[in-house]
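Residue strings, one per chain:
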Amino acid sequence: MKKIILGIFVLMVVIFTLSACSGKKAYEFINEESEISTIEIVKLCEYDKETGEFREEIISTIEDHSTFLLDFRNIDCYNHWSDPTGVEENDVVIKITYENDEYELIHHSGQGKYRHFEDNPSFLQVFAGRRDLDKQKFNDLIDKYS
């Protein structure tokens, strides 16, 4: 009886482990792509704790959103199941700003998502993401559009 219970337990652990593996996923933007107002490549400078935002140095502004987004979709993207990850000082990231002034900062190792509070739209709430992007493909995209 103990062997059967142990076998069932081991089988459940294997099934859970395999189902939790991070497979390739499409990147999920915080708003609809049709609501994108600007796409920029920026370098993040020091983090301002008072405002909850990074000072940014704009490297380039992307004019052709459609072509850029097609290129972006070619980067392998994976879910990760550990703690959410964000962006850090000195990261070169993709900044996508939406018509409602929300924005996200995308780096190969994490994301920063800045959304409005529902009860007070003048403030932004910071989120971190649960996506990993292929580092080499991400850096190639950054180089192409810088």
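So, here is what we can say about the structure in this document. Note that the structure is a prediction, hence the values are computed from the model and not measured. (Residues numbered from 1 in each chain as written. Predicted model: local features only at pLDDT ≥ 70, side-chain atom pairs only at ≥ 80, totals over all residues. Heavy atoms only, no water.)

We now examine the side chain of His 107. Among the structural elements, His 107 can be located in strand 6 (residues 103-107). Side chain to side chain, His 107 and Ser 109 meet in a polar contact 3.0 Å long. For His 107, the residues in contact, after removing those within four places along its chain, are Val 87, Asp 91, Val 92, Val 93, Leu 133 and Phe 138. (Helix = DSSP H or I, 4+ residues; strand = E, 2+ residues; numbered from the N terminus. Polar contact = N/O pair within 3.5 Å; in protein donor to acceptor, adjacent residues only side chain to side chain. Contact = heavy atoms within 4.5 Å.)

Formed by 21 residues in total, the largest nonpolar core has its most connected members in Phe 68, Phe 72, Ile 94 and Ile 106. Secondary structure elements with two or more residues in this core: strand 2 (36-48), helix 2 (65-73), strand 5 (92-98) and helix 3 (135-145). Sort the elements by how many residues they give to this core and helix 3 lands first, with 4 residues. Setting aside its immediate chain neighbours within four residues, Phe 72 contacts Tyr 27, Phe 29, Ile 94, Ile 106, Leu 133 and Leu 141. In terms of nonpolar packing, the next biggest core, distinct from the first, is built from 8 residues, Phe 54, Val 87, Tyr 103 and Leu 105 among them. (Core = buried A, V, L, I, M, F, W, Y, C linked by side-chain atoms within 4.5 Å. Buried < 20%, exposed > 50% of the residue type's maximum accessible area, 1.4 Å probe, protein only.)

On the basis of relative accessibility, which here comes to 10%, the residue His 107 falls in the buried class. In this structure, the C-alpha to C-alpha distance between His 107 and Val 92, residues 15 residues apart in sequence, is 7.1 Å.

Take the sheet that holds strand 9 (residues 131-133) next. Strand order in the open sheet made by the 3 strands is 1-4-9, with antiparallel pairing throughout. Two strands in the sheet have a free side with no partner beyond their single neighbour: strand 1 (24-25) and strand 9. In the sheet, strand 1 pairs with strand 4 (residues 77-79) via 2 bridges, with the strands oriented antiparallel. Bridge pairing in strand 4 places Lys 24 opposite Tyr 78. (Pairing = 2+ DSSP bridges.)

Turning our eyes to something else, we now look at the pattern of salt bridges. Within the structure shown, the criterion is met by 6 salt bridges. Between Glu 28 and Arg 131 there is a salt bridge, and its shortest N-O distance comes to 2.7 Å. One end of the pair, Glu 28, is in the loop between strand 1 and strand 2; the other, Arg 131, is in strand 9, with 103 residues separating them in the sequence. Looking at Glu 28, the relative accessible area reads 52%, which means it is exposed. (Salt bridge = Lys/Arg side-chain N within 4 Å of Asp/Glu carboxyl O.)

Turning to helix 3, its buried residues are Phe 138, Leu 141, Ile 142 and Tyr 145. In a view along the axis of helix 3, the buried residues occupy a sector of 100 degrees, so they form one face of it. Among the exposed residues of helix 3, those pointing more than 90 degrees away from its buried face are Gln 136, Asp 143 and Lys 144. As for helix 3, its buried residues are in contact with strand 2, strand 3 (53-62), helix 2, strand 5, strand 6 and strand 9. Here helix 3 starts with a cap whose side-chain oxygen sits 3.3 Å from the backbone nitrogen of Gln 136, and that cap is Asp 134. (Arc of directions from axis to C-beta.)

This next bit is on the pairing of strand 6. With respect to burial, strand 6 is a largely interior element, 5 of its 5 residues being buried. Burial along strand 6 is two-sided: the residues Tyr 103, Leu 105 and His 107 and Glu 104 and Ile 106 are all buried. Relative to strand 6, strand 5 runs antiparallel, the two being bridged by 4 bridges. Its bridge partner being in strand 6, Ile 94 is matched across the sheet by Ile 106. Linking two consecutive strands that pair antiparallel, namely strand 5 and strand 6, is a turn of 4 residues; a positive phi of about 75 degrees is found at Asp 101 within it.

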